[in-house]
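# Coordinates in review
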Amino acid sequence: MEHSDSMTQKNGRQRKIVGTTLFSENIRGMDRGETSASEPEVEVEEEGEGLIKVMHTEDGRNKVRPGLRDELGNVLLLLFLYVLQGIPLGLAGSIPMILQSKSISYKDQAFFSFVFWPFSLKLLWAPLVDALYFSRFGRRKSWLVPTQYLLGLFMLYLSVTVNSLMQSEGGPNVVALTAVFFMLAFLAATQDIAVDGWALTMLSRENVGYASTCNSVGQTAGYFLGNVLFLALESADFCNKYLRVEPKDTGIVTLSEFLFFWGIVFLVSTTLVAIMKRENAQGKGKPRVQEETQGVMETYKLLFSIIKMPTVFTFCSLLLTAKIGFSAADAVTGLKLVEAGVPKEQLALLAVPMVPLQILLPVIISKYTAGPRPLDVFYKAFPFRLLIGLGYALLVWWTPSVKYDGGFPLYYYAILLLSYALHQVTLYSMYVACMAFHAKVSDPLIGGTYMTLLNTVTNLGGNWPSTLALWMVDPLTSKECQGAVGQSCGSVEEVGLCVKEGGACVTTLDGYYVESMVCVVIGLVWWLWFGKKMRRLQEQNPAAWRCRANR
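Criteria and thresholds
Residues numbered from 1 in each chain as written. Predicted model: local features only at pLDDT ≥ 70, side-chain atom pairs only at ≥ 80, totals over all residues. Heavy atoms only, no water. pLDDT = per-residue confidence, 0-100. Helix = DSSP H or I, 4+ residues; strand = E, 2+ residues; numbered from the N terminus. Contact = heavy atoms within 4.5 Å. Phe/Tyr/Trp six-rings, centres within 6.5 Å; stacked < 30°, edge-to-face > 60°. Buried < 20%, exposed > 50% of the residue type's maximum accessible area, 1.4 Å probe, protein only. Lys NZ or Arg CZ within 6 Å of the ring centre and 35° of its normal. Salt bridge = Lys/Arg side-chain N within 4 Å of Asp/Glu carboxyl O.

Let's shift gears to the confidence of the model for the protein. Looking at the protein as a whole, the pLDDT averages 82, with 83% of positions reaching at least 70. The least confident element of the protein, judged by mean pLDDT, is strand S2 (residues 43-47) at 40; the most confident is helix H15 (residues 375-402) at 96. Low pLDDT, under 50, characterises residues 2-60; the predicted model gives this stretch 165 contacts beyond four residues in sequence or across chains.

What follows is the structure, encoded as structure tokens:
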């Protein structure tokens, strides 16, 4: 394996190390492949509905450049690779719902939530993926092929062992499940780094913009397949009600079968890509985006020099604490609804009508964040999102009272959908505003690295409060043993003794409601004190955001 040379284009732009993605709150900032200053200026004339394009260069020569039709195969390959990436993420997102239906503790849920951290931490190893590779095999294939093989093998291994892990003595083996799904997420994040880099060179300069479309559409589709579709087909109730004539005790597919199928898909598709797809193939009239790289140590030094800057350090500190107020609502509410009897597949299906809204919201909100003060939108949306968190707590409290033998009435799901839609409006308002500010302050000479660092910190600011919120539900919950004298319910062992003595543990104070109130109070304090400080960062001189190490 070799180390790439350190290169810089004449326009001074560094290729983005890695796009940051994570479902719903994260953005993928794809480099659009700007023209280098060393290239001649061109005037573009389009013919045939954009399928044939002619460039007139300064010396009068005409050069045909490719339209989308010429690179449709590459676009479809990218789309497929991003779909594969979304599958393990969707599966990981479905496991907490399945575990909750098996009545595991919230501390176990908190432990499993570490599975979602790799996509927020991939900046730590992204420079290695960028710089170390086998040149004869291909810079991106050196990582993509082994990573996807490992993903397929892990899925096949899980397909054999997942039932025993889910149904072991004493309940699901959460430690083993967390370890395996953490590796799946780690491998998916590494695959994401490789595909992001390959996307910029697989497509011509004129079509590289389609890479971000493939990313968003493909990963969303993969997540949908691994989460929403799987939970629906795995549910016996859903399948018996909508897909079967004769009812059965199980769904159409099991977790084991689903993992086996996608494990085979990963292995077969990766083999085909390794054999049939040349990474560095160049076609006539197809100028590619030239990749820029830095050495591994140079990249880490650059990241350290950025985060040492006073303005950046202050901003990162605010990003790491801004979402504490939303952690109970975002991390615990869905699990509490499942605990209250709402079918997990119905909750997953609520994501389907949200897709058009999630597409339109960034377009609409970006009109208000395009000015010099995008964080004003963040500040204004903040208290409304806190209020929606309180609304979620009321919704969880109200849920048991509307349940009947056949499930829940239609109006309940309508209220649930409306609540989710309002939450999405506030979430995207804050999200788009944050991304707009990242783009505004990032040093253009190192824009990729700068943006990725800020996006990574933003993602971490959502991960750690969610894990902590899940962890704190059980300690804040009070239970008493009714029907057995002298017994308590302070631990799993005590609960077992209570039941053994003929009693039952009854919740007298649910920690979720305590946590919801505490989070809202913390959020209000943050908004009144630190929110104004964040707004004032918009008044900083642009020079305060420039990295001196780059000069």
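Glancing now at the packing of aromatic side chains. Scanning the model with the defined rule gives 24 aromatic pairs in all. Ring plane angle 75° and centroid distance 6.4 Å describe the contact between phenylalanine 111 and phenylalanine 114, whose orientation is recorded as edge-to-face. The exposure class assigned to phenylalanine 111 is partly exposed, which follows from its relative accessible area of 31%. For phenylalanine 114, a relative accessible area of 33% corresponds to the partly exposed category. One aromatic cluster in this structure is built from Phe326, Phe378, Phe382, Trp526 and Phe530. Positioned over the ring face of phenylalanine 137 is lysine 141, at 4.9 Å from the centre of the ring. Sitting over the ring of tyrosine 379, arginine 535 keeps its end group 4.6 Å from the ring centre.

This part is about the pattern of salt bridges. Between side chains of opposite charge, a pair can form as their charged atoms come close. Applying the stated criterion across every chain, the model contains 9 salt bridges. Arginine 385 is paired through a salt bridge with aspartate 330; the nearest N and O atoms lie 2.7 Å apart. Taken together, the positions of arginine 385 in helix H15 and aspartate 330 in helix H12 (residues 327-339) put the pair 55 residues apart, joining distant regions of the chain. Under the relative-accessibility criterion, aspartate 330 is labelled partly exposed at 34%. Among the ionic pairs, arginine 535 bridges to aspartate 376, the shortest N-O distance being 3.1 Å. Placement of arginine 535 in helix H19 (residues 511-536) and of aspartate 376 in helix H15 is noted, with a sequence separation of 159 residues between them. Owing to a relative accessible area of 25%, arginine 535 belongs among the partly exposed residues under this scheme. Judged by relative accessible area, which is 14%, aspartate 376 ranks as buried.

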